[in-house]
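Residue-level listing of the chains:
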Amino acid sequence: MYSFVYDDLVILFGPKRTTHMITLKKDGKFFTSNGVLMHNDIVAVNSGSIVKTDKRIPYTVFKPTYKDFVMNIKRKAQIIYPKDTAIMLMWGDVYPGLEILESGVGQGALSIALLRALAGNGNLVSYEIRDDFAEQAGNFISEFSGETANHKIVKGDIYDGFEGVYDRVFLDLAEPWNVVKFTKDGLKSGGIIVAYIPTILQVKTYVDTLKEAGYFTEIEIFENIKRPWKVDGLSVRPESWMYNHSAFIVSSRKISI
């Protein structure tokens, strides 16, 4: 059972599947079309409780999950969606104790997921060329994860190379093939590289580069499509919409050379 305190982030689920994420402040008010929610009323309950507006409209309040957080923040950069992040962590075989490199950081959604999987044991180094993205990603990660002593954001162009030797490499870049040559010495034998790539022409260039390098095998290319279903009494059917293509995921494993 989680009890809220001021400065906590909370997610509110209201009528007609509306969601809102807010930070609790003493004597704060959240204004909705269904009336006003008092922050003090939320602090007085636990995660999973129902609170009502001054118009007696109920909202359910929870401690935000990872998915809640990354899907409800104000974005200044594109994120990797949770449906793809989950797959990337599994295909990348991320677990505590690893040394992980990622680039670019963007909003920092993948960084949070990687840090949670490391569970404080192991290190994440994130390369980001844009100063504004690096700064906002750092703030974004801290807002959800708090202080992360095992995370370092490097402001630099990974196309010029990187320092260190890693167990895993995650890439979310326009030209990921420009990083492959640095993994000859920068990715351990048996290590895994996972790339998130928007277009199939980029995939073609990247995969050709992996093959030409001569030290990658088990190359997999796929996309992840999520199809929601509706179950409501006797109405059991797919929804009329689905989460379609967001990007291609390409994973590969390094062999000894």
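In short, a report on the structure. Computed from a predicted structure; not experimentally measured. (Residues numbered from 1 in each chain as written. Predicted model: local features only at pLDDT ≥ 70, side-chain atom pairs only at ≥ 80, totals over all residues. Heavy atoms only, no water.)

### Overview of the pattern of salt bridges
And then number 1: In the structure shown here, the tally under the stated rule is 6 salt bridges.
And then number 2: Here Asp 93 makes a salt bridge to Arg 168, at a shortest N to O gap of 3.4 Å. Highlighted residues: Asp 93 in the loop between α3 (82–91) and β7 (99–103) and Arg 168 in strand β10 (residues 166–171), separated in sequence by 75 residues. (Salt bridge = Lys/Arg side-chain N within 4 Å of Asp/Glu carboxyl O. Helix = DSSP H or I, 4+ residues; strand = E, 2+ residues; numbered from the N terminus.)

### A closer look at the side chain of Gln 202
And then number 1: Tracing the sequence through the fold places Gln 202 in helix α8 (residues 200–213).
And then number 2: Here Gln 202 falls in the buried class, since its relative accessible area comes to 17%.
And then number 3: Here the side chain of Gln 202 touches Ala 174 through a polar contact of 2.9 Å, landing on its backbone oxygen.
And then number 4: In this structure the side chain of Gln 202 is engaged in a polar contact, spanning 2.9 Å, whose partner is the side chain of Thr 199.
And then number 5: When residues no more than four places from it in sequence are discounted, the contact partners of Gln 202 are Ala 174, Trp 177 and Ile 197. (Buried < 20%, exposed > 50% of the residue type's maximum accessible area, 1.4 Å probe, protein only. Polar contact = N/O pair within 3.5 Å; in protein donor to acceptor, adjacent residues only side chain to side chain. Contact = heavy atoms within 4.5 Å.)

### Quick notes on the sheet that holds strand β6 (residues 58–62)
And then number 1: In space, the 4 strands of this open sheet follow the order β2-β1-β6-β5, with antiparallel pairing throughout. One side of each edge strand has no neighbouring strand; the edge strands of this open sheet are β2 (19–23) and β5 (49–52). Averaged over all pairs of adjacent strands, the angle between their axes in this sheet comes to 35°, without regard to strand direction.
And then number 2: In the sheet, β5 pairs with β6 via 4 bridges, with the strands oriented antiparallel. (Pairing = 2+ DSSP bridges. Axes fitted to C-alpha atoms, helices over the stretch in contact; angles between N-to-C directions.)

### Notes on the pairing of strand β15 (residues 248–254)
And then number 1: Of all the 7 residues making up β15, 6 are buried; the element is thus mostly covered by neighbouring parts of the structure.
And then number 2: Across 6 bridges, strand β11 (residues 187–197) lies against β15 in antiparallel orientation. Bridged to Ile 192 within β15 is Arg 253.
And then number 3: Two strands pair when backbone bridges link them, and strand β12 (residues 216–223) and β15 are joined in this way by 6 bridges, in the antiparallel orientation.

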